[in-house]
Amino acid sequence: MVKTQPPRKRAKDDERNFRLLVQGVVDYAIYMLDPEGVVASWNAGAQRIKGYSDAEIIGQHFSIFYSEADRQNGLPQRALEIARREGKYEAEGWRLRKDGTTFLASVVIDAIRENGELVGFAKITRDITARKERESALLDSEAKFRLLVSGVTDYALYMLDPAGIVSNWNAGGQRIKGYAPEEIIGQHFSKFYTPADQASGRPSAALRQAEQAGRYEEEGWRVRKDGTFFWASVVIDAIRDESGKLLGFAKITRDITERRESQQRLERMQQQLAESQKLDALGQLTGGVAHDFNNLLMIVGGNLHNLKKLVGDHPKGKRSIEAIELAAKRGADLTRQLLTFARRQRVNPESTDVAERIKAVYEVLDSGLGGTVTLRMEIEPNLWPVVADTSELETALVNLVVNARDAMPEGGTVTIAAKNATLKDAPHPGDHVVITVRDSGVGIPPDVLSKIFDPFFTTKPVGKGTGLGLSQVHGFAHQAGGTVSVSSEMGKGTSVAICLPRGQTEQSTEQQDTKNIAGTGNVLLIEDNPEVANASAGFLEQLGYSVHWVSDAEAALKEVERDGIDLIVSDIVMPGGIDGLKLARIIRDKRPGLPILLTTGYSEAVLKVGLEFPILTKPYLIHELSGALAKLK
């Protein structure tokens, strides 16, 4: 049987337990005030927070916890009055401890009534100084962060709500995209995308990917307020709360247009360097091939004269010799084009009137292009002269016009244009004459465009082209100190531009006498190739000279020491440590008045000779040899 306590005993136990509970609380100051505000009870929390023991504070007025200014302003009395009138008073404010230090307090005062009569107040105080400091630090940090974000001008930093609506805006967003905050906040961020991207759903796809993967990154075109485009680097991060709920997106955009353009310029320069290196390598190869081929042609040409004597007037023999001569001439033309591409061809640069050369080519080609092709000229008045080999310039123009005609199987228009231009970004800035040949043909595919200057590369059917026409154009332009460039669009035609440096207006009036002469005297022929030596000796003997042949520089110097040599004919390229040019200089020092003629099919040295010695280019004919010897006389 359960015994029950008498009501009085139970009430006394409850009161005891409540007192123990209140006394044991240390985080809150819990105490009683009488109706006048005098402290009537005191707990452990009050002693910890305010520093007074119960013996020191019970019987004191609670205004002792207020600052002098608050007491003078009557704040303690107002607090009790509000609690008396409204039943409760709540506030936060600074309070005093026993040692005079202050703390930030959260205060609640409840009016206590018994049978409707006020018997006192229950006061609960908590020290919230640390909490407020943390809150203040957080607010200060947030304020600094907002200032940081707002002050960034190189990046557009802003928030989007889950639907993609702009919810804030920084100075970088305004600088990069042109919108003031009041113009863009509340607008959908798809406003920054191009119409094509909007139509394809790119903005919503970006948010969807950011939501699913947590982040979205890309580069692409974006649109400013004024309608202009810029190349943007974009990062979109999904923002979620602690429960994982999507709150929105943080979006960072940077204008990297200049960086992209710089990167593209670097890539173009690297591509140009690679093309230049490739063409230089091809030039070395083709130059070497042309040298050997010229020696073969020299042998063919030299022995043709002997065959002519043997054949006499025999009809079939004469036709065979003519066919051989035609083939040898064609071979010589091919090697000349190869050497022009390799920039090893001996050229005769002179001040050239570009307008006159274009008109001369126009008159030759106008009637020969076919009835479906129209040839036009657009020549700027007062065109500057250039310094170039006239025949090479004309050959380049013919090659370009013929190529343009072949690119228009259904007919069209070929235009030769020339104008003065001052170039700033060219490899050699300054005044140039730009000669352009453009057509309205089928265009050149992008994968073919990078190969068009390669020797023997052609898109024409077999037998319709050698693949050396544009190689000659490339070699001529660079050998003249200029450049050549090509632009083409499929179905709209091709344009080839040759830029040549401006030259002087003076033109050479020197006339060369190339009449054949009958020669007399002893010639020292220096040639390492016996077959070429035999052909050259045949020419010299037909001209009336006595020929003595040696194959190297050492033997030649021994012959020069002997008297009786009237003329030196020497190849430039020879085995051993002394080439033809160096040998010629040694002989000139030993015998200053001895005439020297150098010959070559290809040589690096030929570019360094200048006017120091006359040079005859292989393969040469007997009348060319005769003319070169005449100049020595």
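Everything that follows concerns the structure shown earlier in this document.
So, how was this worked out
Residues numbered from 1 in each chain as written. Predicted model: local features only at pLDDT ≥ 70, side-chain atom pairs only at ≥ 80, totals over all residues. Heavy atoms only, no water. Helix = DSSP H or I, 4+ residues; strand = E, 2+ residues; numbered from the N terminus. Buried < 20%, exposed > 50% of the residue type's maximum accessible area, 1.4 Å probe, protein only. Contact = heavy atoms within 4.5 Å. Areas by Shrake-Rupley, 256 points an atom, 1.4 Å probe, with all protein chains shown as cover. Pairing = 2+ DSSP bridges. Axes fitted to C-alpha atoms, helices over the stretch in contact; angles between N-to-C directions. Polar contact = N/O pair within 3.5 Å; in protein donor to acceptor, adjacent residues only side chain to side chain. Core = buried A, V, L, I, M, F, W, Y, C linked by side-chain atoms within 4.5 Å. Salt bridge = Lys/Arg side-chain N within 4 Å of Asp/Glu carboxyl O. Lys, Arg positive; Asp, Glu negative; His and termini not counted. Expected span 1.5 Å × (residues − 1). Arc of directions from axis to C-beta. Parallel < 35°, antiparallel > 145°, perpendicular 65-115°, else oblique. Left-handed = near helix turned anticlockwise from the far one by under 90°. Nonpolar A, V, L, I, M, F, W, Y, C, P; charged D, E, K, R; others polar.

Draft legend 1. Layout of the overall build of the chain. Tallying secondary structure elements over the chain gives 21 helices and 20 strands in all. Among the 633 residues that make up the chain, the fraction classed as buried is 40%. Long-range pairs, those at least 24 residues apart, make up 58% of the contacts in the chain with a sequence separation of at least 6. In the structure as shown, the chain presents an accessible area of about 34,800 Å², 52% of it carried by carbon and sulfur atoms.

Draft legend 2. Just the sheet that holds strand S5 (residues 155-160), in detail. Pairing is antiparallel in the open sheet, where four strands are placed in the order S5-S8-S7-S6. Of all strands in the sheet, those with a lone pairing partner are S5 and strand S6 (215-223), marking the two edges. If you compare each strand with its neighbour and ignore which way they point, the axes differ by 25 degrees on average. One ladder, built from nine bridges, connects strand S7 (residues 229-240) with strand S8 (residues 246-255); its direction is antiparallel. In the sheet register, valine 235 faces S8, and the bridge partner there is isoleucine 252.

Draft legend 3. Inspection of the environment of phenylalanine 453 at higher detail. Structurally, the position occupied by phenylalanine 453 is in the loop between helix H15 (446-449) and helix H16 (469-479). Sequence-wise, phenylalanine 453 and glutamine 472 are 19 residues apart; in three dimensions their C-alpha atoms are separated by 8.4 Å.

Draft legend 4. Broad picture of the side chain of threonine 257. Locating threonine 257 in the fold gives a position in helix H11 (residues 257-311). With relative accessibility at 17%, the residue threonine 257 sits in the buried group. Side-chain polar atoms of threonine 257 contact the side chain of aspartate 255, separated by 2.6 Å. Leave out the neighbours within four places in its chain, and threonine 257 touches Phe230 and Trp231.

Draft legend 5. Molecular detail of the nonpolar core. The biggest cluster of nonpolar side chains holds 37 residues, and the ones touching the most others in it are Val354, Val414, Ile435 and Val437. Among the elements that take part in this core, helix H14 (residues 390-406) stands out by supplying six residues, more than any other. Once residues lying within four places of it in the same chain are set aside, the contact partners of valine 354 are Leu383, Trp384, Val386, Ala418, Val433 and Ile435. Tyr52, Ile57, Tyr66 and Ala111 belong to the second-largest nonpolar core, a separate cluster that totals 25 residues.

Draft legend 6. Up close: the sheet that holds strand S2 (residues 88-96). Strand order in the open sheet formed by four strands is S1-S4-S3-S2, and the pairing between neighbours is antiparallel. At either end of the open sheet lies a strand with only one pairing partner, and these are strand S1 (29-33) and S2. Across the sheet, the axes of successive neighbouring strands diverge by a mean angle of 25 degrees, strand direction being ignored. Relative to strand S4 (residues 117-127), strand S3 (residues 102-114) is paired through ten bridges, and the arrangement is antiparallel.

Draft legend 7. Highlighting the pattern of salt bridges. For the coordinates displayed, the defined rule picks out 24 salt bridges. In this structure, the salt-bridge partner of glutamate 217 is arginine 215, at a minimum N-O distance of 3.5 Å. Notably, a salt bridge pairs glutamate 219 with arginine 259, separated by 3.3 Å at the nearest N-O pair. Taken as a pair, glutamate 219 in strand S6 and arginine 259 in helix H11 lie far apart in primary sequence, 40 residues in all.

Draft legend 8. Looking closely at the side chain of aspartate 197. The residue aspartate 197 is located in helix H9 (residues 195-199) in this model. Put simply, aspartate 197 is tucked away with no salt bridge, and the nearest opposite charge, on arginine 202, sits 4.2 Å away. If we ignore the near neighbours within four places in the chain, the residues touching aspartate 197 are Arg202, Pro203, Trp221 and Arg222.

Draft legend 9. Seen up close, helix H10 (residues 202-213). For H10, spanning twelve residues, the distance from its first C-alpha to its last is 16 Å, which sits close to the expected 16 Å at 1.5 Å a residue. Buried residues of H10: Pro203, Ala206, Leu207 and Ala210, and no others. The arc that holds every buried residue of H10, seen down its axis, measures 95 degrees, which confines them to one face. The exposed residues of H10 that point more than 90 degrees off its buried face are Gln212 and Ala213. Structurally, H10 contributes buried residues whose contacts are with S5, H9, S6, S7 and S8. Just downstream of H10 lies glycine 214, where phi reads positive at about 95 degrees.

Draft legend 10. Spotlight on the packing of helix H18 (residues 553-561) against helix H19 (residues 580-590). Running from N to C, H18 and H19 cross one another at 15 degrees; their axes reach a closest spacing of 11 Å. One finds that H18 runs roughly parallel with respect to H19. Seen along the crossing, H18 lies across H19 with a hand that is right-handed. For the pair H18 and H19, contact is made by Ala553, Ala556, Leu557, Val560 and Glu561 and by Leu583, Ile586, Ile587 and Lys590, respectively. Its residues assigned to classes, the contact of H18 with H19 shows seven nonpolar, no polar and two charged.

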